[in-house]
Every structure is written in structure tokens, then in C-alpha cells.
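For reference, the chains in residue letters:
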Amino acid sequence: MNVADSELIDGILQHEGYKQTQNIDEANAIFINTCSVRDHAEAKVHSRLGNFNRIKKNKPEVIIGMLGCMAQNLKEEILENKPYVDIVLGPDSYRKLPAILKNRLKEQKHIVDTKLSRFEVYDGLFPSRKEGINAWVSIMRGCDKFCTFCIVPFTRGRERSRSPKSIIQEVEQAVNNGFVEVTLLGQNVNSYKYDNIDFTDLLKKVSAIPGLLRLRYTSPHPNDVNEKLLEVMAESENICNSIHFPLQAGSDRTLKRMNRRYTKKHFLKYAKKIHDIIPGVGISTDIIVGFPGETEKDFQETLEVMDIVKFDSAYTFKYSSRPYTKAIEYDNHIDEDVKKDRLDRLIKLQKKHSLFRNRAMINQVVDVLVEKVSKKSDEYWSGRTDSNKWVVFQKSTANIKDIIPVRITAAHGVTLKGQIEGK
Ligand code: SAH
Ligand code: SF4
């Protein structure tokens, strides 16, 4: 999400004639795009801002801007404690950046705009992308789900979908610029609705764009995953057999207190459908440990769901209290050492499951999109399977952006080793 927003901001500024520099000391303006989802991300931004302050001390005319969710969330604190930050813009205000920059050059006063919009989807503005394989394309913004741990509905505002026409135009442009994979992005992609077009309809339309080799999306909400979506994924050649299916917690008591609006039973039923309907699918997930009031028994239920589903990979988090959210008011916040212990146990189990899933691929021949030279050696390529796993294999004749058959020969940790089939 943040990469996509940064590319959009870069696109807006380049359109006005501004250029990026690789050397921060040469910059006339420095922007940091921020995320508020967990406090850890915020801590990193505070430290980066400290560095920018040091640059500004040597070069007082440099403009410093803080953009995105943290700007939305912490504007008062920033204005009070970090007077060297000149511009504070929330996630719905990027369009104003060129005008603000022009005024700022004249007026020298702080500019803050964090008003959230019910309509802004940045239609008609195109991100500036570095060359590469995958283009992130935002299809909707905001979120209306209000999970009780999550700050997103407060920092990114109400859910709104972008028109299929403008999404298709952006994907076509990306393909014309040499991108072969697109990932459709949104906080809840499958809540997408524009007139009578739903997410599955959109996915079908985008997958029909000539030259698009692979189509991915993230993140769906488990409540909005349905059989129609899974069948379209299974039938389509270029929609990848990979799904992010965020569990968050395994016990119904915790799920209810999180306001996730699904039960353990519903989640397991759909995890099974995903495996049954989409052959060779890879499932990733998000899990939070130590949500307020989570007992050892609740936590065991999370491990139990993991044991049944055996996710291919998981992003795992310790609960962190976020402003504005309901969970902050809940009783029984969990001690840090208990959270850490649960996280360690969860990660250990996930490693076992990732290895189990990866080992099951040994000897299979899978299609791999060649993406880059491997870090291991110049003689090896690194590419991803349809199911979103990295594979390293000897280069031979293949080129970057080719999709080639690779036989999986070994699985260690998260990366697979392979050999181009037929060699
Ligand atoms: N819209 C996506 C998630 C966006 S935030 C979804 O519903 O899946 C990405 C992930 O950060 C969440 O899935 C959650 O696991 C984690 N997260 C969000 N708020 C958090 C918090 N307060 N503490 C710890 N993890 C959190
Ligand atoms: Fe946050 Fe829940 Fe919305 Fe995801 S669905 S962005 S976790 S409120």
C-alpha cells in the first residue's frame, strides 16, 4: 500500500517537473511516506525525521514533508515537537502537493492538510514506477470494517472504489511500459464495488488485458471471499493461485472482540474450499498474538487453526495499542513477555508448516516467472511460482520476464531450489 502511494506521490511530482535524487544531501525537498498500523512503524519514522532535522540544520531552505497515515494520526504532536517538519499531508491530500510546494516556496509557513475525503481515489493521476516485474495498482481506498485493533479506518477514511475504466487504463499503461505482473491493492479488495461491478467481475476484466502474464491481489477479507471468486481464480490462466487469507486469531471469543465478523468454523470452511477449488494454491495469512484478554486457551485455538490449515506463510504480529481504536479501552492488556512468548511459539509452528508445504513441492514441475539475478550467485535466477514462493535455479537459457517450467529439487526455510525442466 505504501509503495503504491509513494509511486503515486512521485508520479504527481514528476508530472510537475520535479526530479528524484539518489543523494539526500542534494534534495531541495524531502518527503517521508508513513504507516501507522503498528507502533513499531511509527518509531522508525521518528528516527528518520531526526536525520532529516540534521540535514536541515546544515541547509535550512530544505523542505521537509511528512505524508500518509502517521501525518493523519499525529499531526498535533508533529507540529508541536518537530517544528522543522514544514508540510504534513494525510493520505487523501497528495493531489495538493504541487500547489502546496509552490506556495511554500513563497510563504514559509507550516502547511497541514489531513482532511479525509469520501471520494478521493486519485483517478486520472498515474504513479511513476521504477522498471520491474510487478506493478501495484490501487483499486480502492479506506476501510469500513472497523476491526477493534486497527487504526486504518481512522487514518485512511471511508471505503471507496475506483472506476474499472481508470483501473484498466492504468494496468494497460503498466503492461505497455513492460510490467508483466500486476497486484491489485486495497485494504479490503474484495469489498470492491463500482456500480454493479464487484471484485470478481473486476478481476476477470483485468485478467483479460493482453500481455498481462500474472495477476495478484491483496488483501481480501475472509468474510468477502466466496466460491465465485475462487472459481474464477481456478479457471483463469493468469490470475495467480495464491491468496492472502488473514486469520488474525483462532478463537471465536477473540474474533468477536476483534470485530472480525467471522467464526473459526467459517474461516476453516473457506480455507478448505480454497485448497479444494484452486489446485496448487499458496495461502498466506496475518496473525496477531496477545490481543487484550487473549487467554492461553484462546491462543491455543490460533495454533489449532494453523495446524489444520498449514498456511504456506504468515505475517505475525504482537498486538500493539493504536489510538482511536476500541481495543485500547479493553481490559486485560497482555504483558509484553507473554506476547513475546506466544509470538515465538507461533513463529516456530509457522516455520514447520512452511517447510511442510514447501517440501510437498519437491519433484513437482511448476511455472516460475524469472524476476532477478539471485543473491546467491550471478549464475542463478530468482523467480516466483504462481503460488508466490521464491525459487532459485541455474540460469541456463531463460531470461528475465520469461515464465518457464522448473522442477523443484529442494526446500530449505522459505526458499525453494530448482532446475529448469528439460535441462
Ligand atoms: N486490511 C487488511 C490488513 C491491513 S493491516 C486485513 O484486514 O487483512 C495489516 C495487518 O497488520 C493486519 O492484518 C493485522 O494482522 C496487523 N495489525 C493491524 N493492526 C494491528 C495492531 N494494532 N497490532 C498488531 N497488529 C496489527
Ligand atoms: Fe484494519 Fe480490519 Fe479494515 Fe483490515 S479490515 S484494514 S484489519 S479495519
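Because the structure is predicted, anything quoted here is derived from the model rather than measured.

(A) Region of interest: the side chain of Arg160. Residue position: Arg160 is located in strand E7 (residues 160-161). At 3.1 Å, the side chain of Arg160 forms a polar contact with the side chain of Asp92. A polar contact of 2.7 Å, which involves the side chain of Arg160, links it to the backbone oxygen of Arg158. If near-sequence neighbours (up to four positions away) are discounted, Arg160 is found in contact with Asp92, Ser117, Arg118, Phe119, Glu120, Val121, Met140, Arg141 and Gly142.

(B) Expanded view of the packing of aromatic side chains. Evaluated as defined, the whole model comprises 10 aromatic pairs. With a centroid separation of 5.5 Å and an interplanar angle of 75°, the aromatic rings of Phe146 and Phe154 are classed as edge-to-face. Looking at Phe146, the relative accessible area reads 32%, which means it is partly exposed. Taking relative accessible area as the criterion, Phe154 reaches 31% and is therefore assigned partly exposed. Plain terms: the ring middles of Phe199 and Tyr217 are 4.9 Å apart, the flat faces sit at 70° to each other, and that makes the pair edge-to-face. Residue Phe199 is located in helix H7 (residues 199-207), and its partner Tyr217 is located in strand E11 (residues 214-218); the two are separated by 18 residues in the primary sequence.

(C) Structural context of the nonpolar core. One finds Leu184 and Val206 to be the most contacted residues of the largest nonpolar core, which totals 64 residues. Residues within four places of Val206 in sequence aside, it is in contact with Ile167, Ile168, Val171, Leu184, Leu212 and Leu215. In terms of nonpolar packing, the next biggest core, distinct from the first, is built from 17 residues, Ile30, Met70, Leu74 and Tyr84 among them.

(D) View of helix H6 (residues 164-176). Helix length check: H6 (13 residues) gives 18 Å between terminal C-alpha atoms against 18 Å at 1.5 Å per residue, within 8%. Looking at H6, one finds that the buried residues are Pro164, Ser166, Ile167, Ile168, Glu170, Val171, Ala174 and Val175. Elements that come into contact with the buried residues of H6 comprise strand E5 (134-138), strand E8 (181-185), strand E9 (193-194), strand E10 (197-198) and H7.

(E) Structural detail: the sheet that holds E5. Strand order in this open sheet of 3 strands is E5-E8-E11, and the pairing throughout is parallel. Strands with a single pairing partner mark the edges of an open sheet, and in this sheet they are E5 and E11. Averaged over all pairs of adjacent strands, the angle between their axes in this sheet comes to 25°, without regard to strand direction. Direction of pairing for E8 relative to E11: parallel, over a ladder of 5 bridges. From the neighbouring strand, Thr183 faces E11, where its bridge partner is Arg216. In this fold H7 packs onto E8 and E11, with an angle of close to 155° to the strand it touches most, E11.

(F) Representation of the sheet that holds strand E12 (residues 242-244). Reading across the sheet, the 3 strands line up as E12-E13-E14 and stay open at both edges, with parallel pairing between neighbours. A single partner strand is all that each edge strand has here, and the edge strands are E12 and strand E14 (313-318). Taking each pair of neighbouring strands and ignoring which way they run, the sheet shows an average axis angle of 10°. Looking at chain direction, strand E13 (residues 282-289) and E14 are connected through 6 bridges and run parallel.

(G) Here's a closer look at the packing of helix H8 (residues 227-235) against helix H10 (residues 264-277). In contact at an axis separation of 10 Å, H8 and H10 are set at 25° when each is read in the N-to-C sense. Between H8 and H10, the angle falls in the class roughly parallel. Between H8 and H10 the crossing geometry is right-handed. From H8, Glu227, Leu230, Glu231 and Ala234 reach across to H10, where they touch Tyr270, Lys273, Ile274 and Ile277.

(H) Structural detail: the pattern of salt bridges. The tally for this structure, following the rule as stated, stands at 35 salt bridges. Between Asp5 and Arg141 there is a salt bridge, and its shortest N-O distance comes to 3.1 Å. Pair noted here: Asp5 is in helix H1 (residues 2-15) and Arg141 is in strand E6 (residues 140-141), with a separation of 136 residues, a long-range link. In this structure, the salt-bridge partner of Arg129 is Glu7, at a minimum N-O distance of 3.7 Å. A residue pair is termed long-range when its members are at least 10 positions apart, and Arg129 in the loop between strand E4 (111-113) and E5 and Glu7 in helix H1 qualify at 122 residues. One exposure class covers both Arg129 and Glu7, and it is buried. Members of the salt-bridge network, linked through shared partners, are Glu7, Asp123, Arg129, Arg162 and Glu170.

(I) Spatial organisation of the site of ligand 2. Every residue near ligand 2 is listed here: Cys143, Lys145, Phe146, Cys147, Phe149, Cys150, Val152, Pro153, Gln187, Asn188, His221 and Arg260. For the shell around ligand 2, the residue count by class is 7 nonpolar, 3 polar and 2 charged.

(J) Spotlight on the packing of helix H11 (residues 296-309) against helix H12 (residues 336-359). For the pair H11 and H12, the least separation of the axes is 10 Å and the interaxial angle reads 10°. For the element pair H11 / H12, the angle class is roughly parallel. Where H11 abuts H12, its residues Glu296, Phe299, Gln300, Thr302, Leu303, Met306, Asp307 and Val309 lie against Arg342, Arg345, Leu346, Leu349, Gln350, His353 and Arg357. Residue composition of the contact of H11 with H12, grouped by class: 6 nonpolar, 4 polar and 5 charged.

Rules behind the numbers
- Residues numbered from 1 in each chain as written.
- Chains lettered and ligands numbered in written order.
- Predicted model: local features only at pLDDT ≥ 70, side-chain atom pairs only at ≥ 80, totals over all residues.
- Heavy atoms only, no water.
- Helix = DSSP H or I, 4+ residues; strand = E, 2+ residues; numbered from the N terminus.
- Polar contact = N/O pair within 3.5 Å; in protein donor to acceptor, adjacent residues only side chain to side chain.
- Contact = heavy atoms within 4.5 Å.
- Phe/Tyr/Trp six-rings, centres within 6.5 Å; stacked < 30°, edge-to-face > 60°.
- Buried < 20%, exposed > 50% of the residue type's maximum accessible area, 1.4 Å probe, protein only.
- Core = buried A, V, L, I, M, F, W, Y, C linked by side-chain atoms within 4.5 Å.
- Expected span 1.5 Å × (residues − 1).
- Pairing = 2+ DSSP bridges.
- Axes fitted to C-alpha atoms, helices over the stretch in contact; angles between N-to-C directions.
- Parallel < 35°, antiparallel > 145°, perpendicular 65-115°, else oblique.
- Left-handed = near helix turned anticlockwise from the far one by under 90°.
- Salt bridge = Lys/Arg side-chain N within 4 Å of Asp/Glu carboxyl O.
- Near = heavy atom within 4 Å.
- Nonpolar A, V, L, I, M, F, W, Y, C, P; charged D, E, K, R; others polar.

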